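# Breakdown of the fold
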Amino acid sequence: DHLLDPEEFFAEGSEDTENLGITEQELKDFRSLDTDGNGKLDVEELTQWESGFYQLRSAMRSLFQVADTDLNEHLTSQEMKDASKKISSTEAQYHLMEWAEHHEEL
């Protein structure tokens, strides 16, 4: 049907779809990707995952959760500095390091 249900999505080529052990976090991610709510992912929804955009968006949300202390949906350099230790424990740190490396190459 050209659509992936959670078992198909998380099987990643595995023959054994019976014993996948899909976690609650994985189901939460799947539901977030399933924007039309039909319980399956189409190619457009899957593209968000495969392109890395879903993971980037999730990482940036975690960055704002730990650093945006005044909750104005903007980050100042001071907020970033103050939250540097907290940021280092989030996925956002990897994106920030990658951007910094890319900037240095320019």
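Okay, so let's go over this structure. (Residues numbered from 1 in each chain as written. Predicted model: local features only at pLDDT ≥ 70, side-chain atom pairs only at ≥ 80, totals over all residues. Heavy atoms only, no water.)

Two to three positions downstream of the cap, the backbone nitrogen of Glu44 sits 3.0 Å from a side-chain oxygen, assigning the N-cap of helix H3 (residues 43–50) to Asp42. Positive phi appears at Gly52, one or two residues downstream of H3, with a value of about 90°. (Polar contact = N/O pair within 3.5 Å; in protein donor to acceptor, adjacent residues only side chain to side chain. Helix = DSSP H or I, 4+ residues; strand = E, 2+ residues; numbered from the N terminus.)

This next bit is on the pattern of salt bridges. One pass over the full model with this rule turns up 1 salt bridge. The partner of Asp1 in a salt bridge is Lys40, and the shortest N-O contact between them spans 2.8 Å. Of this pair, Asp1 sits in the segment before helix H1 (6–11) while Lys40 sits in the loop between helix H2 (24–33) and H3, and the two are 39 residues apart along the sequence. For Asp1, a relative accessible area of 62% puts it in the exposed group. Exposure remark for Lys40: the relative accessible area of 27% places this residue in the partly exposed category. (Salt bridge = Lys/Arg side-chain N within 4 Å of Asp/Glu carboxyl O. Buried < 20%, exposed > 50% of the residue type's maximum accessible area, 1.4 Å probe, protein only.)

This brings us to H2. Because each turn of an α-helix spans 3.6 residues, side chains separated by three or four positions in sequence point in the same direction. For H2, the complete set of buried residues consists of Asp29, Phe30 and Leu33. Along the axis of H2, the buried positions cluster into a sector of 100°, meaning they face one direction only. Along H2, exposed side chains directed more than 90 degrees from the buried face belong to Glu24, Lys28 and Arg31. (Arc of directions from axis to C-beta.)

It is worth spelling out the packing of helix H4 (residues 53–67) against helix H7 (residues 92–105) at this point. Contact geometry of H4 with H7 gives a least axis separation of 8 Å together with a crossing angle of 105°. Classed by the angle they form, the pair H4 and H7 counts as roughly perpendicular. Between H4 and H7, the contacting residues are Gln55, Leu56, Ala59, Met60, Ser62 and Leu63 on the first element and Ala92, His95, Leu96 and Trp99 on the second. (Axes fitted to C-alpha atoms, helices over the stretch in contact; angles between N-to-C directions. Parallel < 35°, antiparallel > 145°, perpendicular 65-115°, else oblique. Contact = heavy atoms within 4.5 Å.)

What follows deals with the side chain of Glu45. On the secondary structure map, Glu45 appears in helix H3. Within the structure, Glu45 has its side chain in polar contact with the backbone nitrogen of Thr35 (distance 3.0 Å). In contact with Glu45, not counting residues within four places along its chain, are Leu33, Asp34, Thr35, Asp36 and Lys40.

All right, on to unusual backbone geometry then. Positive phi, normally seen in glycine, also occurs at His2, with a value near 65°. When its relative accessible area of 82% is taken as the criterion, His2 is described as exposed. If you check the backbone angles, Leu71 has positive phi at about 55° while not being a glycine. We classify Leu71 as exposed; its relative accessible area is 71%.

This paragraph deals with the packing of aromatic side chains. The full count for this structure, using the stated rule, is 4 aromatic pairs. Centre to centre, the rings of Phe9 and Phe10 are 4.7 Å apart; their planes meet at 75°, and the pair counts as edge-to-face. Under the relative-accessibility criterion, Phe9 is labelled buried at 9%. For Phe10, a relative accessible area of 13% gives the class buried. (Phe/Tyr/Trp six-rings, centres within 6.5 Å; stacked < 30°, edge-to-face > 60°.)

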